[in-house]
Amino acid sequence: MLFAHDTECGLVAAAGLVNTAGLDREEGLPDVAALDEFVAVHGWTGRHEHTDAELRQVHALRPRLRRIWYADTHEVVAIVNGLLRESHALPQLIQHDDEPYHLHAVPRDAPLATRMAVEAAMALADLVRMDELSRLRICDHPDCDNVLVDLSKNRCRRFCDAGCGNRAAVSAYRARKAASHS
């Protein structure tokens, strides 16, 4: 593990949330049921209202988080500080649900979108402090605008989780085959 468990979870969840925005594809969180599934997949605990209003709040967070993958360090810091300030974040060590101690900066009964914003901000603050923002990447596949977090030790991750690595490998294989038959 390169970072604390809660940092890695926060980064992966933030990238996952950004990638639900559906810039060039269909909406990844079209309804409350999809949000419920996202919450379950990423292990979010605490308050979850299962409402359209909550879904809209989560949708509103995505562009702000996406901006981080394109920003320089100073802009990332401004976004992170803004998210923490607006949420009245107060980091505290917490232990719950058989998880080891980890940081929470807002109460578990804070709105879901607020908790998502703060978890992302806290994880991103760790990347800034460790000078590791280069781990935030855009998928290398030419037809994809998904974001990713490279948590590999050798910093070699190039593709998102949407199958782009497989598509790139198949394309390269077909190109080699075509070249050998020419």
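These figures come from a predicted structure and were not determined experimentally. (Residues numbered from 1 in each chain as written. Predicted model: local features only at pLDDT ≥ 70, side-chain atom pairs only at ≥ 80, totals over all residues. Heavy atoms only, no water.)

Focus: the side chain of His48
At step 1: Its place among the elements puts His48 in the loop between helix H2 (32-41) and helix H3 (52-68).
At step 2: In this structure His48 comes out as buried when scored by relative accessible area, which is 17%.
At step 3: Within polar-contact distance, the side chain of His48 engages the side chain of Asp36 at 2.6 Å.
At step 4: Excluding residues that lie within four positions of it along the chain, His48 makes contacts with Leu35, Asp36, Val39, Glu54, Leu112 and Arg115. (Helix = DSSP H or I, 4+ residues; strand = E, 2+ residues; numbered from the N terminus. Buried < 20%, exposed > 50% of the residue type's maximum accessible area, 1.4 Å probe, protein only. Polar contact = N/O pair within 3.5 Å; in protein donor to acceptor, adjacent residues only side chain to side chain. Contact = heavy atoms within 4.5 Å.)

Quick notes on unusual backbone geometry
At step 1: Not every positive phi belongs to a glycine, and Asp97 is a case in point at roughly 50°.
At step 2: Structurally, the position occupied by Asp97 is in the loop between strand S1 (92-94) and strand S2 (102-104).
At step 3: Residue Asp97 is classed as partly exposed on the basis of its relative accessible area, which comes to 47%.
At step 4: If you check the backbone angles, Arg155 has positive phi at about 55° while not being a glycine.

Focus: the pattern of salt bridges
At step 1: On inspection of all chains with the given rule, the structure shows 11 salt bridges.
At step 2: Close ionic contact of Glu132 with Arg155 constitutes a salt bridge, the shortest N to O distance being 2.8 Å. In this pair, Glu132 is assigned in the loop between helix H5 (112-129) and strand S3 (136-138) and Arg155 in the loop between strand S4 (147-149) and helix H6 (164-180), connecting sequence segments 23 residues apart.
At step 3: Here Glu132 falls in the buried class, since its relative accessible area comes to 12%.
At step 4: One salt-bridge network, in which partners are shared between bridges, spans Glu132, Arg135 and Arg155. (Salt bridge = Lys/Arg side-chain N within 4 Å of Asp/Glu carboxyl O.)

Re H2
At step 1: Inspection of H2 places Val32, Ala34, Leu35, Phe38 and Val39 among the buried residues, and these make up the whole buried set. Take H2 and look down its axis: the buried residues cluster within an arc of 155°, on one side only. Opposite its buried face, H2 presents the exposed residues Ala33, Glu37, Ala40 and Val41, each directed more than 90 degrees away.
At step 2: Buried residues along H2 sit in contact with helix H1 (5-18), H3 and H5.
At step 3: Its side-chain oxygen placed 3.3 Å from the backbone nitrogen of Ala33, Asp31 serves as the N-cap of H2.
At step 4: Gly43 sits one or two residues past H2 and shows a positive phi near 70°. (Arc of directions from axis to C-beta.)

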